[in-house]
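The primary structure of each chain is shown beneath.
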Amino acid sequence: MEKNAITSVIVLDSSGQVLTQSRSLPPSQNVYLRPLPEFNDAPSELVESDWRNKPYLVSKSPVTIQGKTVATVIMFTPSEPIRTAIESLQRILIGVTITSSVASAVLIFIIAKRITRPLVNMKNAVRLLSQNKYNFSLATDGKDEIAELSRSLMDFSHELKHYRLERQDFLAEISHELRTPITYIREYANILRAGAIQDEEEKEKFLDYIFDASNRLYHLSDDLFELVQLDQTNYRIQKESVNLIALIQQAVDEFKLGFAEAEITLQWNPPKKRTINGFIDPVRISQVLVNLLENAKKYTPAGGHVEIKVSELPYAIEVTVSDTGIGIPEENIHQIWQRFYRVEKSRSRAHGGAGLGLSICKRIVELHDGSIRVQSRPGRGSIFTVLLPRP
Ligand code: ADP
């Protein structure tokens, strides 16, 4: 037997006499020096397993010959190294547990901070938004969902700010537009009512002023009603298959007299084909045609010429309204689609225009997935082109 082996081995014969012993043991271990019974069922048994309190783990194994136990091998394994190993394992485990708990706590704290701080900022931002305050900024860099949410909130706040400003402007414009004709009506009616005007011609003039002002109010309320309707998000156009040649013919018939009175020629040569079908809302597209013809009449002096045409392009149906009128200066051309925009306020007002017609046209055409554009030269005239998708 090896001298340095930690485990001590003792072999007893069946009467309990020590046959051999690998190393000496303290006398306290003698209690274990008893042989296994003669007929032993178990191949070996652990007779001492209390490694915590006892100095040795003791196991006994029988040496059997023809089923009879002739000797007993008793092994004493010192429990000290086991205790030391288990204790150091326990220490390591405790260390690892503490370290990982601290690490997780720190990590949770950092993550929570990273998530909660932006969320708290967003909550504050929403509160500011609800109070119509927009002077906040959120950290929007990063690729995670929180950054994405911050970006969306910032976009939303910009849109809301823009919308609120636009609405303010819109309301200011409306009240401005309303005030002038209402003041006219009020003042002139008051003068007439007071009986201060005796001259019949003068009275007529005042009545004309009142009529013009009420006419402007009438057009304004009409246009505003249209705009509000078209701006509703759930507004749907009622599309159907419509012959655009017939639709234009109707508009031309309506305008014939007005153009003749204004001493402007209105040219309309319907294509030979007779039918150009579009999938459109006939009421709305008529409105566009009427608006464009009305503008052409308004902004073309007597003796001028207006032409309306329709043709089929490979990818669209094209309707043009061209005039030889006053034209639009280059620097104003982009603004004419804006609500209430008028190049010459006095001229437009004189015809009852509030600068809403073209913004209504644009909205209608866009609802048809089409486009509208203008080419113009001051003093020479304008061409308005509407493109509608082919069915
Ligand atoms: P309005 O009711 O004032 O005509 P619109 O929205 O229809 O409003 O047009 C906006 C502005 O565009 C007009 O005030 C006018 O200055 C200009 N405009 C529109 N059509 C023409 C045209 N055919 N010729 C010259 N200017 C035009």
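Residues numbered from 1 in each chain as written. Predicted model: local features only at pLDDT ≥ 70, side-chain atom pairs only at ≥ 80, totals over all residues.

For the rest of this paragraph, the subject is the overall build of the protein. For the protein, the helix and strand inventory stands at seven helices and 12 strands. Relative to the 2.2 N^0.38 estimate, which gives 21 Å for 391 residues, the radius of gyration of the protein is 50 Å and therefore markedly larger than a compact globule would have. With the C-alpha coordinates aligned to their principal axes, the bounding extent of the protein is approximately 155 × 60 × 35 Å. When burial is assessed residue by residue, the protein has 21% of its 391 residues classed as buried. (Helix = DSSP H or I, 4+ residues; strand = E, 2+ residues; numbered from the N terminus. Rg over C-alpha atoms; globule rule 2.2 N^0.38 Å. Buried ≥ 20, exposed ≤ 12 C-beta atoms within 10 Å, placed from the backbone.)

Glancing now at the domain arrangement of the protein. Taken as a whole, the protein is organised into domain 1 (8–78), domain 2 (145–231) and domain 3 (240–389). Placing a centre on the C-alpha atoms of domain 2 and another on those of domain 3 gives a separation of 24 Å. Each partner contributes to the interface: domain 2 provides 11 residues, whereas domain 3 provides 10 residues. Broken down by secondary-structure element, the contributors of at least two residues to the side of domain 2 that touches domain 3 are helix 2 (145–193) and helix 3 (200–231). (Domains from an automatic or database assignment. Contact = placed C-beta atoms within 7 Å.)

This part takes up the pairing of strand 4 (residues 56–65). Of the pairings in the sheet, the one linking strand 3 (residues 45–48) to strand 4 comprises three bridges and is antiparallel in character. Following the sheet pairing, Leu46 is matched in strand 4 by Ser59. Two elements, strand 4 and strand 5 (residues 68–78), share 10 bridges in a ladder whose sense is antiparallel. Counterpart to Ser59 in the pairing with strand 5 is Met75. Linking two consecutive strands that pair antiparallel, namely strand 4 and strand 5, is a turn of two residues; a positive phi of about 50° is found at Gln66 within it. (Pairing = 2+ DSSP bridges.)

A separate point is unusual backbone geometry. Of note, Phe340 is a non-glycine position whose phi angle comes to about 65°, a positive value. A positive phi angle, near 60°, is found at Asp369, a position not held by glycine. On the secondary structure map, Asp369 appears in the loop between helix 7 (357–367) and strand 11 (371–377).

As a further point, take the sheet that holds strand 1 (residues 8–13). Spatial strand order, 2-1-5-4-3: five strands in an open sheet with antiparallel pairing. On the outer flanks of this sheet lie strand 2 (18–21) and strand 3, each paired with one strand and no other. Neighbour-to-neighbour, the strand axes of this sheet turn through a mean angle of 25°, independent of strand direction. The pairing of strand 1 with strand 5 spans six bridges and is classified as antiparallel. Among the inter-strand pairings, Val11 is bridged to a residue of strand 5, identified as Val73. (Axes fitted to C-alpha atoms, helices over the stretch in contact; angles between N-to-C directions.)

Residues Val288, Leu289, Leu292, Leu293 and Cys361 are the most contacted members of the largest nonpolar core, which totals 37 residues. The set of elements that each furnish at least two residues to this core consists of helix 4 (244–261), helix 5 (282–298), strand 9 (305–312), strand 10 (316–323), helix 7 and strand 12 (381–389). Here Leu293 is in contact with Ala251, Phe255, Ile308 and Val321, once residues within four sequence places are set aside. Counting residues in hydrophobic clusters, the runner-up holds six residues, among them Ile10, Leu12, Ile74 and Phe76. (Core = buried A, V, L, I, M, F, W, Y, C linked by C-beta atoms within 7 Å.)

What follows is about the sheet that holds strand 7 (residues 265–267). The strand order across the open sheet formed by five strands is 7-9-10-12-11, and the pairing between neighbours is mixed. Looking at the sheet topology across the chains shown, the edges are occupied by strand 7 and strand 11. When strand polarity is set aside, the average angle formed by the axes of neighbouring strands in this sheet is 10°. Note that strand 7 and strand 9 share three bridges and pair parallel. Paired with Gln267 across the bridge in strand 9 is Glu307. Sheet strands touched by helix 4: strand 7, strand 9 and strand 10. Its angle to strand 9, the strand with the most contacts, is close to 175°.

Time to look at the packing of helix 1 (residues 79–130) against helix 2. Interhelical geometry of helix 1 versus helix 2 gives an angle of 15° and a closest axis separation of 10 Å. Between helix 1 and helix 2, the angle falls in the class roughly parallel. Every pair of crossing elements has a handedness; the one defined by helix 1 and helix 2 is left-handed. Counted together, Ile115, Pro118, Met122, Ala125 and Leu129 of helix 1 and Ile146, Leu149, Ser150, Leu153, Ser157 and Leu160 of helix 2 form the full contact between these two elements. Of the residues that constitute the contact of helix 1 with helix 2, the class distribution is nine nonpolar, two polar and no charged. (Parallel < 35°, antiparallel > 145°, perpendicular 65-115°, else oblique. Left-handed = near helix turned anticlockwise from the far one by under 90°. Nonpolar A, V, L, I, M, F, W, Y, C, P; charged D, E, K, R; others polar.)

Glancing now at the packing of helix 4 against helix 5. Two elements in contact, helix 4 and helix 5, have axes separated by 10 Å at closest approach and are oriented at 30°. By the criterion of interaxial angle, the relationship of helix 4 to helix 5 is roughly parallel. As for the relative orientation of helix 4 and helix 5, their crossing is right-handed in sense. Between helix 4 and helix 5, the residues in contact are Leu247, Ile248, Gln250, Ala251, Phe255, Gly258 and Phe259 and Pro282, Ile285, Ser286, Leu289, Val290, Leu293 and Lys297, respectively. For the contact of helix 4 with helix 5, the per-class residue count stands at 10 nonpolar, three polar and one charged.

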